[in-house]
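Residues per chain, in single letters:
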Amino acid sequence: MGISVPSARILGGPDLHVDMGSTINLTCLIQFSPEPPAYVFWYHEDEVSGRKQVISYDSARGGVSVVTEKGAATTSYLLVQDAAPADSGRYSCAPSNADLASVRVHVLNGERPAAMQTGSAGLSDSSRAIALLLAASLLHARLRSALLAS
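In short, a report on the structure. Owing to the predicted nature of the structure, the values given are computational and were not obtained by experimental measurement.

### Considerations on the overall build of the protein chain
Then comes step 1: Scanning the protein chain for helices and strands turns up one helix and nine strands.
Then comes step 2: Its helices and strands taken in sequence order, the protein chain reads β-β-β-β-β-β-β-β-β-α from the N to the C terminus.
Then comes step 3: Put simply, the protein chain shows about 9000 Å² of open surface, and 57% of that area lies on carbon and sulfur atoms.

Written out as structure tokens, the structure is:
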């Protein structure tokens, strides 16, 4: 039996196309780690300016949320609401215990690239569905920890 090395990957990459005004919804899956990562940072790199910065919830931009569910496999979700052209660029998920994973996000202003897949995995126009999913996953995590504690 070989030794598994912790790894991270962002689902739906390497390129994601999002319509302007919709929600960028990225899912980072961290697998094969003996224990969950102590933290998961998300970065956004503007490929025009080359500026790379950690994504924070209290930035002036607003509408950004991150939910991380730790377990045998850890999943971290990044949601950026009301996507604008400035949100285009490379997004990276950097867990404390694995190499980072990146995806390139293209925010489209009505145009349709020739290479655009119709089944755009990892993207959703429905903020309501995403909010329900996050609420359900948080509730599930609370219930699970309550059951483990009893």
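### Focus: the pairing of strand β7 (residues 74-80)
Then comes step 1: The buried fraction of β7 amounts to seven of the seven residues, a majority that puts the element mostly inside the structure.
Then comes step 2: Relative to β7, strand β6 (residues 64-69) is paired through six bridges, and the arrangement is antiparallel. Looking at the pairing, T68 lines up with S76 of β7.
Then comes step 3: Between β6 and β7, which follow one another and run antiparallel, lie four residues.

### Describing the pairing of strand β8 (residues 89-95)
Then comes step 1: The element β8 is largely enclosed, with a buried count of six among its seven residues.
Then comes step 2: With six bridges joining them, strand β4 (residues 40-45) and β8 adopt antiparallel strand pairing. Residue pairing in the sheet places W42 in a bridge with C93 of β8.

### Concerning the sheet that holds strand β3 (residues 24-31)
Then comes step 1: Read from one edge of the open sheet, four strands run β1-β3-β7-β6, paired in antiparallel fashion. Strands with a single pairing partner mark the edges of an open sheet, and in this sheet they are β1 (7-10) and β6. Here the average twist between neighbouring strands, direction ignored, is 15°.

### Comments concerning the pattern of salt bridges
Then comes step 1: For the coordinates displayed, the defined rule picks out one salt bridge.
Then comes step 2: R61 is the partner of D87 in a salt bridge, and the nearest nitrogen-oxygen pair spans 2.8 Å. Residue D87 is found in the loop between β7 and β8, and its partner R61 is found in the loop between β5 (52-54) and β6; the two are separated by 26 residues along the sequence.
Then comes step 3: Looking at D87, the relative accessible area reads 8%, which means it is buried.

### Focus on the sheet that holds β5
Then comes step 1: Strand order in this open sheet of five strands is β2-β9-β8-β4-β5, and the pairing throughout is mixed. With partners counted over all chains shown, the strands left at the sheet margins are β2 (15-19) and β5, one partner each. Averaged over neighbouring strand pairs, the angle between their axes works out to 25° when direction is ignored.

The rules behind the values
Residues numbered from 1 in each chain as written. Predicted model: local features only at pLDDT ≥ 70, side-chain atom pairs only at ≥ 80, totals over all residues. Heavy atoms only, no water. Helix = DSSP H or I, 4+ residues; strand = E, 2+ residues; numbered from the N terminus. Areas by Shrake-Rupley, 256 points an atom, 1.4 Å probe, with all protein chains shown as cover. Buried < 20%, exposed > 50% of the residue type's maximum accessible area, 1.4 Å probe, protein only. Pairing = 2+ DSSP bridges. Axes fitted to C-alpha atoms, helices over the stretch in contact; angles between N-to-C directions. Salt bridge = Lys/Arg side-chain N within 4 Å of Asp/Glu carboxyl O.

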